[in-house]
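Structural description and commentary
Spelled out, the chains give:
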Amino acid sequence: MNSANSPLTATLGKTSFPTPLLAASGVWPLERELWPPQALEELGGICSKGITLLPRKGNAGTRLAETPAGLLNSIGLQNPGMEAFARTHLPELVREELPLAINVAPESEKDFEGLFEPLQAWTSRIAAVELNLSCPNVNAGGMSWGKDPDGVALATRLARSCWKGSLWIKLTPQAPDLPAVARAAEYSGADALVVGNTWLGMAMDLQRKRPVFERVVAGLSGPAIFPLALQTVWSVAGTVGIPVIGCGGVSCWEHAAAMILAGAGAVQIGSGLLRNLSLPKEIASGLREYMARENFGSLAEMVGAGRK
């Protein structure tokens with residue numbers, strides 16, 4: 001772990017992260033004993049799997065399908081529910097020195113109080129709550145909240161009324177007007193924005209002559225979406241005054257550098273970790289070399305430098 005004065009130290013609101021590289025929600029196991037040690041090297045923080053109020057078994061049928069440059073997933077927010085998570089997993093997660101963000105996924109307005117109440121006792125140990133308004137693989141909540149500025153504003157206000165700590169809003173790239181959605185989140189009390197989540201895609205089973213996924217569509221991640229994700233970071237960072245966290249297709253240090261230059265104060269790594277557990281270490285090394293070569297004395301100097 002890097003010292004506080006490291007060139008790679010990232011600051012998001014009141015919280016400092018040893019590097020700007022965060023494990024994205026969905027790829028990191030809840031069970032601490034399953035955490036791969038090599039993936040922890042140079043990782044700046046961890047975002048938990050999405051937690052719903054009640055337990056979810058996830059989606060039936062096929063859940064993963066590879067594409068030539070990415071991965072389609074239809075997991076469906078499988079998780080033990082907030083009560084079991086707070087009782088069993090959270091005490092183990094907060095033992096780690098790395099900053100921890102808890103991803104929560106409300107399905108209705110009634111869920112908010114129940115989702116946040118069990119977290120209150122851990123406020124000092126939780127770096128942020130990441131409000132998931134972007135999951136494409138569920139029928140309620142998720143992306144249905146995040147497509148519309150009014151829906152995002154309502155969800156953000158409800159979360160803000162329940163949680164006084166740092167609040168990140170994870171936005172969906174499927175929103176017709178992403179800058180408007182981002183502004184709605186900022187005005188309603190968000191401390192940072194995660195931009196964004198998977199894009200909608202699908203796959204066809206040629207033998208069955210049917211869609212691979214029972215929900216037909218699934219979330220596409222991986223290198224194929226990086227240029228799209230970079231554009232969303234650029235558009236959102238130019239319209240809000242709060243930190244932006246880039247997410248989508250990051251698989252090398254050049255991708256991370258591009259997002260930071262576009263205005264991201266930190267970068268989440270998702271499906272790239274499934275291919276290469278040493279990715280955070282490799283990206284951090286590349287960023288240090290690039291910053292030294294381009295005379296960036298700190299990450300703060302680099303954030304948004306591509307916009308000037």
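Per-chain numbering applies: the sequence of each chain, read as written, is numbered from 1 onward. With the structure being a predicted model, the display of local features is reserved for residues of pLDDT at least 70 and the display and counting of side-chain atom pairs for 80 or more, all residues being used for whole-chain, interface and lining totals. Computation of side-chain values: all heavy atoms of the structure, hydrogens and water removed.

Regarding the sheet that holds strand β8 (residues 128-132)
DSSP calls a pair of strands paired once it identifies at least 2 bridges connecting them. A run of DSSP states H or I qualifies as a helix once it reaches four residues; a run of E qualifies as a strand once it reaches two. Both are numbered from the N-terminal end. Around the barrel, 8 strands lie side by side as β3-β4-β7-β8-β9-β10-β15-β16; this closed barrel has parallel pairing. With strand direction ignored, the average angle separating the axes of adjacent strands in the sheet is 25°. Contacts are residue-level and defined by heavy atoms, with any inter-residue pair within 4.5 Å sufficient. Geometry is summarised by axes, namely lines fitted to C-alpha atoms with helices restricted to the contacting stretch, and by angles between N-to-C directions that run from 0 to 180 degrees. Against the sheet, helix α6 (residues 178-187) makes contact with β9 (167-171) and β10 (192-195), and its axis sits at roughly 160° relative to β9, the strand it touches most. Packing of helix α7 (residues 226-237) onto the sheet brings it into contact with β10 and β15 (244-247), and relative to β15 it is tilted by some 170°.

Some points on the pattern of salt bridges
Any carboxyl oxygen of Asp or Glu that lies within 4 Å of a side-chain nitrogen of Lys or Arg is treated as forming a salt bridge with it. What the rule picks out here adds up to 8 salt bridges. The salt bridge involving R87 is made with E83; its shortest N-O contact spans 3.9 Å. Taken together, the positions of R87 and E83, both in helix α2 (residues 82-93) and 4 residues apart, correspond to about one turn of that helix. Categorising residues by exposure relies on relative accessible area from a 1.4 Å probe, with only protein chains included: less than 20% of the type maximum marks a residue as buried, more than 50% marks it as exposed, and the intermediate range marks it as partly exposed. Note on E83: relative accessible area 62%, which makes it exposed. Among the ionic pairs, E92 bridges to R95, the shortest N-O distance being 2.5 Å. When its relative accessible area of 34% is taken as the criterion, E92 is described as partly exposed.

Focus on helix α10 (residues 279-293)
Take the residue count of a helix, subtract one, and multiply by 1.5 Å to get its expected span. In this model α10 runs 21 Å from its N-terminal to its C-terminal C-alpha over 15 residues, within 8% of the 21 Å that 1.5 Å per residue would give. L279, P280, I283, A284, G286, L287, Y290 and M291 are the residues of α10 that are buried. On an axial view of α10, the arc spanned by its buried residues comes to 165°, and they lie on one face. Away from the buried face of α10 by more than 90 degrees, exposed residues E289 and A292 are located. Contact partners of the buried residues in α10: β3 (21-23), α1 (37-40), α8 (253-262), β16 (266-269), α9 (272-275) and α11 (299-302). Phi turns positive, to about 65°, at N295, one or two residues after α10. To be clear, the arc concerns the directions from the helix axis to the C-beta atoms.

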